[in-house]
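Chain by chain, the residues run as shown.
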Amino acid sequence: MVDFCAITLKRPIVNGSGTFDAIAARRAFGVALLRDFPFGAFVSKTITLSPREGNPPPRLWEAQAGMINSIGLPNRGLHGYLEHDLPQLAELGVPLITNVMGSTAAEVSQLVEALDDRDEVAAIELNVSCPNVATGLDIGADPGSLAALVRAVRPLTGKPLIVKLTPNTADVAAVALAAQTEGADAVSLINTLRATALDRSGAPWLGGVTGGLSGPAIRAIALAQVAAVARRVSLPIVGMGGVSSGAHAADLIAAGATLVAVGTESFRDPAAGCRIWEELKSLQIAGSGSTTVNAAQAQVEVDVNSGDSA
Ligand code: RRO
């Protein structure tokens, strides 16, 4: 069991927002999905106030060691999420973290207030880091803008507020510190790195022109940024970026993460979260001879006796 902002998770592995469609997976795999759900908590795709179509295609580019997405936040909007998605997500049997994004503090405030009313929502993640819409990048890149946003929304909910940070900034730790100072409960990082791809004629391949790079290519950057943030803030951290094995998860935990999110790897293997958790447990048991690996990993207590098959 892992404690994260007073939420109890059965495993320290979660999904990166927008990288696992739990409703489609439930349709495809039925109750088998729930018997060993890959994640200790489920993080929703980013929700905006109004429905969005997303960016024009093509939306994906396979890079040498990862992929570039330019999805552009397609979603049903707040009302559609509350009416359609949330009741289905509540059946997953794990705590739900709803990820939201708005272009103004007023928009984000409306989202946070609406989610605060819903018992199904365990925590709210503020996405200030989508590389595929200009407003998202600006707020998360600047400590002052982020501080103003967190100051505006913090009083609107008693639920844990997680701020999803962008790697596309000069000093990610300064932004994390601004989030902490204004009362955020946790930070998550990294979102994707702004990137682009050209077709053979030299024209942009992606419909949105630029996108976000994820996967193995960004793992070393994620590790450096999580370590930098852990040195500057005391908040719990959800670390992510190119994780595809238990050893990668252990690296992020050693760098200071409390939870580790799996993103791009779940597209290749929807059960990756289960495998990564099994690998992490084996490493922790082999590495420590006890149930807790070291001080940096103190919050990840492996219940050897239960075997936690969740
Ligand atoms: O939808 C997207 O294009 C997207 C989002 Br909201 C995000 O936070 N990160 C990303 O790489 N893509």
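Rules behind the numbers
- Each residue is numbered by its place in its chain's sequence as written, counting from 1.
- Given that the model is predicted, a residue must reach a pLDDT of at least 70 before its local features are reported, and side-chain atom pairs must reach 80 or more before they are shown or counted; all residues, however, enter totals for whole chains, interfaces and linings.
- The basis for the side-chain values is all heavy atoms of the structure; hydrogens and waters are excluded.
- Think of a salt bridge as a Lys or Arg side-chain nitrogen and an Asp or Glu carboxyl oxygen that are within 4 Å of each other.
- In this text, helices come from DSSP runs of H or I with a minimum length of four residues, and strands from runs of E with a minimum of two, each type numbered from the N-terminal end.
- Buried residues are those whose accessible area, probed at 1.4 Å on protein chains only, stays under 20% of the maximum for their type, while exposed residues exceed 50% and partly exposed ones sit between those limits.
- To estimate the expected span of a helix, count its residues, drop one, and scale the result by 1.5 Å.
- Bend, at a single residue, is the angle you get between axes fitted to the 7 residues ending at that residue and the 7 residues starting at it.
- Working rule for contacts: check all heavy atoms of both residues, and any pair within 4.5 Å makes them a contact.
- Side-chain atoms alone can form a polar contact between residues adjacent in sequence; in general such a contact is a pair of N or O atoms within 3.5 Å, and within protein one must be able to donate a hydrogen while the other accepts it.
- Should DSSP find at least two bridges between two strands, the strands are taken to pair.
- Aromatic rings from Phe, Tyr and Trp, with only the six-membered ring used for Trp, were paired whenever their centres fell within 6.5 Å, and each pair was classed as stacked if the ring planes differed by under 30 degrees, edge-to-face if by over 60, and tilted otherwise.
- Axis lines are fitted through C-alpha atoms, for helices just across the contact stretch, and the angle between N-to-C directions can take any value from 0 to 180 degrees.
- Crossings are sorted by hand: turned counterclockwise from the far helix by less than a right angle, the near helix makes the crossing left-handed, and turned clockwise it makes it right-handed.
- In this classification, the charged set is Asp, Glu, Lys and Arg, the nonpolar set is Ala, Val, Leu, Ile, Met, Phe, Trp, Tyr, Cys and Pro, and all remaining amino acids, among them Gly, are polar.

Peer 1: Lay out the pattern of salt bridges with the relevant residues and their values.
Peer 2: Summed over all chains, the structure comprises 12 salt bridges. Residue R154 pairs with D185 through a salt bridge whose shortest N-O separation is 2.6 Å. A residue pair is termed long-range when its members are at least 10 positions apart, and R154 in the loop between α6 (143–153) and β9 (161–164) and D185 in the loop between α7 (172–181) and β10 (186–189) qualify at 31 residues. Among the residues examined, R154 registers a relative accessible area of 16% and is labelled buried. The residue E265 makes a salt bridge to R275 at a minimum N-O spacing of 3.0 Å. Note that E265 is positioned in helix α10 (residues 264–268) and R275 in helix α11 (residues 272–288), a separation of 10 residues in sequence. What makes E265 buried here is its relative accessible area of 12%. Overall, R275 belongs to the partly exposed group, its relative accessible area being 26%.

Peer 1: Could you give an account of helix α3 (residues 77–89), with specific residues and numbers?
Peer 2: In this model α3 runs just 16 Å from its N-terminal to its C-terminal C-alpha over 13 residues, more than 12% under the 18 Å that 1.5 Å per residue would give. Where α3 bends most, the angle comes to about 35 degrees, and this point is E83, followed within four residues by the proline P87. For α3, the complete set of buried residues consists of G77, L78, G80, Y81, L82, D85, L86 and L89. Against the buried residues of α3 lie α1 (22–29), β4 (42–43), β7 (96–100), α4 (105–116) and β8 (121–127).

Peer 1: Hey, could you go over the side chain of E265 for me, with residue numbers and the actual values?
Peer 2: Polar contacts involving the side chain of E265 include one to the side chain of R268, which spans 2.5 Å. Those residues within four positions of E265 in sequence are excluded, and the remaining contacts are V243, S244, A272 and R275.

Peer 1: Describe the pairing of β7, listing the residues and the values that go with them.
Peer 2: The buried fraction of β7 amounts to 5 of the 5 residues, a majority that puts the element mostly inside the structure. The side-chain alternation of β7 yields two buried faces, one formed by L96, T98 and V100 and the other by I97 and N99. Note: β4 against β7, 2 bridges, orientation parallel. Looking across to β7, one finds that F42 is bridged to L96.

Peer 1: Summarise the side chain of S245; cite the residues concerned and give the values.
Peer 2: One can find S245 in the loop between β13 (237–240) and α9 (246–255). Owing to a relative accessible area of 15%, S245 belongs among the buried residues under this scheme. Among all residues touching S245, those that are not within four sequence positions of it are R275, I276 and E279.

Peer 1: Report on the packing of aromatic side chains, specifying residues and quantitative values.
Peer 2: For the structure shown, the criterion picks out 5 aromatic pairs. With a centroid separation of 6.1 Å and 90 degrees between ring planes, the pair formed by F20 and F37 is classed as edge-to-face. Placement of F20 in the loop between β3 (13–15) and α1 and of F37 in the loop between α2 (32–35) and β4 is noted, with a sequence separation of 17 residues between them. For the residue pair F20 and F37, the accessibility class agrees, reading buried in each case. Residues W61 and W205 carry aromatic rings whose centres are separated by 5.7 Å and whose planes lie at 65 degrees to one another, so their mutual orientation is edge-to-face. You can see W61 sitting in strand β5 (residues 60–63) and its partner W205 sitting in the loop between β11 (193–196) and β12 (210–214), a full 144 residues away along the chain. What makes W61 partly exposed here is its relative accessible area of 27%.

Peer 1: An account of the sheet that holds β10 is needed here, citing residue identities and associated values.
Peer 2: Taking strand neighbours across the sheet as the criterion, the 8 strands line up as β3-β14-β13-β10-β9-β8-β7-β4 in an open arrangement whose pairing is parallel. Both outer strands of the open sheet, β3 and β4, are each paired with one neighbouring strand and no more. Here β7 runs beside β8; their pairing, made up of 5 bridges, is parallel. Paired with I97 across the two strands is A123, which belongs to β8. Against the sheet, α11 contacts β3 and β14 (259–262), and its axis sits at roughly 160 degrees relative to β3.

Peer 1: If you had to explain the sheet that holds β12 to someone new, which residues and values would you point to?
Peer 2: One open sheet accounts for 4 strands, arranged β5-β6-β12-β11; its pairing is antiparallel. Unpaired on one side and paired on the other, β5 and β11 mark the two borders of the sheet. Ignoring strand direction, the axes of neighbouring strands in this sheet form an average angle of 35 degrees. Both β11 and β12 contribute to a ladder of 4 bridges, which runs antiparallel. Directly across from A195, in β12, lies its bridge partner G211.

Peer 1: Before we move on, can you summarise the packing of α4 against α6 with the specific residues and values?
Peer 2: Helix-helix packing is characterised by the crossing angle of the two axes and by the distance between the axes. Packing of α4 against α6 brings their axes to within 9 Å, and their N-to-C directions diverge by 40 degrees. In this structure, α4 meets α6 at a crossing whose hand is right-handed. Between α4 and α6, the residues in contact are A105, V108, S109 and V112 and L149, A152 and V153, respectively. For the contact of α4 with α6, the residue count by class is 6 nonpolar, 1 polar and no charged.

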